[in-house]
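The lines below spell out each chain.
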Amino acid sequence: MEGYVDHLVQVILQDGRIIVGKLKGYDIRTNLILADCVEREYSMEQGVEMVPLGLYMIKGDNVAIVAEVDEAKDATINYSEIRAEPLAEIHH
Amino acid sequence: MLIFSFFKTLTDQVITVELKNDLSITGTLKSVDQFLNIRLDGISVEDPERHPHMMAVRNCFIRGSVVRYVRMAAKNVDTTLLEDATRREIKDAKK
């Protein structure tokens, strides 16, 4: 994951929530430090809602996926028009 | 340890990872670690209509603990060799 440091990443949590922020640090347990986080709330009723959260430390147990955001591609997407069910939570 | 080594032999192959939230992601395996965390490149999701959440990402890190299945092409796996190796590992563990 070292290639992701100081890049914009999209983190998908165990409960299906999606948080986008700049990866500042991580460790072997996937604990993460994310700066300038924004939660992206998907729903069928309205477009994606962007909820600013600030600086977050996410405990590794809650992390499912860490993905590098292609910022150029991200900028071309009109999130206010995207409707989708929120992601399901992880069932062990 | 054996399964970790097995996954390492699949590096640079295209695999599909099914997560425990029913999301399936296909991509090229770039790396795997001791926890079976998986790095995938050039990813696509199985049902992009239902899951547009991964539209703006090309590569990702999947935590080993959320993986349900890993699907791979049969030609990339030497089943006989794997069978022998797993049996040997069990035998060695009993000693």
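All figures in this text were calculated on a predicted structure; none of them were measured in a lab.

What counts as what
Residues numbered from 1 in each chain as written. Chains lettered and ligands numbered in written order. Predicted model: local features only at pLDDT ≥ 70, side-chain atom pairs only at ≥ 80, totals over all residues. Heavy atoms only, no water. UniProt positions renumbered as here; feature names shortened; annotations may be inferred. Helix = DSSP H or I, 4+ residues; strand = E, 2+ residues; numbered from the N terminus. Pairing = 2+ DSSP bridges. Salt bridge = Lys/Arg side-chain N within 4 Å of Asp/Glu carboxyl O. Buried < 20%, exposed > 50% of the residue type's maximum accessible area, 1.4 Å probe, protein only. 1 Å grid on protein atoms, 1.4 Å probe; cavity = no way out; pocket = protein on both sides within 12 Å on 5 of 7 lines; lining within 4 Å. Points joined across faces, edges and corners; volume = space filled by probe spheres on them. Nonpolar A, V, L, I, M, F, W, Y, C, P; charged D, E, K, R; others polar. Axes fitted to C-alpha atoms, helices over the stretch in contact; angles between N-to-C directions. Core = buried A, V, L, I, M, F, W, Y, C linked by side-chain atoms within 4.5 Å. Contact = heavy atoms within 4.5 Å. Buried area = accessible area lost by both parts, 1.4 Å probe. Polar contact = N/O pair within 3.5 Å; in protein donor to acceptor, adjacent residues only side chain to side chain.

Undergrad: For the UniProt feature "domain: Sm" (unreviewed entry) in chain B, give the residues involved together with the corresponding values.
TA: Mapped onto the present numbering, the UniProt feature "domain: Sm" (unreviewed entry) falls on residues 5–72 of chain B. Secondary structure across residues 5–72 of chain B comprises 7% helix and 50% strand; the distance between its end C-alpha atoms is 15 Å.

Undergrad: So what's going on with the pairing of strand E3 (residues 32–41) of chain A? Residues and values would help.
TA: All names here are of chain A. Sheet topology note: the strand E2 (residues 18–26)/E3 ladder contains six bridges and is antiparallel. Residue pairing across strands places Tyr26 opposite Leu32, the latter belonging to E3. Taking the residues that link successive antiparallel strands as the turn, the E2-E3 hairpin has five residues, and the phi of Thr30 there is positive, at about 65°. In this sheet, strand E4 (residues 49–58) lies alongside E3 in antiparallel orientation, the contact comprising eight bridges. When the bridges of E4 are listed, Glu39 appears paired with Val51.

Undergrad: Please provide a residue-by-residue account of the pattern of salt bridges, values included.
TA: All names here are of chain B. Tallied over the full model, the rule gives 13 salt bridges over all chains. Ionic pairing is found between Asp12 and Lys30, a salt bridge with its closest N-O pair at 2.6 Å. In this pair, Asp12 sits in the loop between helix H1 (2–9) and strand E1 (14–19) while Lys30 sits in strand E2 (residues 24–32), placing the two residues 18 residues apart along the sequence. On the basis of relative accessible area, Lys30 is assigned to the partly exposed category, the value being 36%. Its salt-bridge partner being Arg68, residue Glu18 comes within 2.9 Å of it at the nearest N-O pair. One end of the pair, Glu18, is in strand E1; the other, Arg68, is in strand E5 (residues 67–71), with 50 residues separating them in the sequence. By relative accessible area, which is 14% here, Glu18 ends up buried.

Undergrad: An account of the layout of surface pockets is needed here, citing residue identities and associated values.
TA: Space inside the largest pocket adds up to approximately 210 Å³. Lining the largest pocket are 13 residues, with Met1 and Ile28 of chain A together with Asp33, Asn37 and Phe61 of chain B positioned closest to its centre. Here the lining of the largest pocket is built from residues that sort into six nonpolar, four polar and three charged.

Undergrad: Got a sec to walk through the sheet that holds strand E1 (residues 8–13) of chain A? Specific residues and values, please.
TA: With antiparallel pairing, 10 strands are arranged side by side in an open sheet as E4(A)-E3(A)-E2(A)-E1(A)-E5(A)-E4(B)-E3(B)-E2(B)-E1(B)-E5(B). Both outer strands of the open sheet, E4 of chain A together with E5 of chain B, are each paired with one neighbouring strand and no more. Averaged over neighbouring strand pairs, the angle between their axes works out to 35° when direction is ignored. Relative to strand E3 (residues 38–45) of chain B, E2 of chain B runs antiparallel, the two being bridged by six bridges. Following the sheet pairing, Val32 of chain B is matched in E3 of chain B by Ile38 of chain B.

Undergrad: Please give an account of the nonpolar core that cites residues and values.
TA: Ile65 of chain A together with Val17, Ile25, Ile38, Leu40, Met54 and Ile62 of chain B are the most contacted members of the largest nonpolar core, which totals 39 residues. Those elements that place two or more of their residues in this core are E2 and strand E5 (63–69) of chain A together with H1, E1, E2, E3, strand E4 (57–62) and E5 of chain B. In contact with Ile62 of chain B, not counting residues within four places along its chain, are Ala64 and Ile65 of chain A together with Val17, Leu19, Ile25, Asn37, Ile38, Leu40 and Val67 of chain B. Counting residues in each nonpolar core, the second largest holds 14 residues, with Tyr4, Val11, Leu34 and Val63 of chain A among its members.

Undergrad: Please set out the environment of Lys22 of chain A residue by residue, giving values where relevant.
TA: All names here are of chain A. Inspection of the secondary structure puts Lys22 in strand E2. Accessibility expressed as a relative area gives 36% for Lys22, which makes it partly exposed. On a C-alpha basis, the gap between Lys22 and Gly3 in space is 12 Å, while along the polypeptide they are 19 residues apart.

Undergrad: Explain the interface of chain A and chain B residue by residue, including any values.
TA: Contacts between the two partners involve 34 residues from chain A, matched on the other side by 24 residues from chain B. For the pair chain A and chain B, the summed buried surface comes to about 2,400 Å²; carbon and sulfur atoms form 59% of the total. Linking chain A with chain B are one salt bridge. Of the charged contacts in the structure, one is a salt bridge between Asp70 of chain A and Arg58 of chain B, with a shortest N-O distance of 2.5 Å. Between the two partners, chain A and chain B, sit 15 residue pairs in polar contact (both at pLDDT 80 or more). Elements supplying a minimum of two residues to the side of chain A that touches chain B: E1, E5 and helix H1 (71–76) of chain A. Among the elements that take part in the side of chain A that touches chain B, E5 of chain A stands out by supplying seven residues, more than any other. Here the residues of the side of chain A that touches chain B are counted per class, giving 20 nonpolar, six polar and eight charged.

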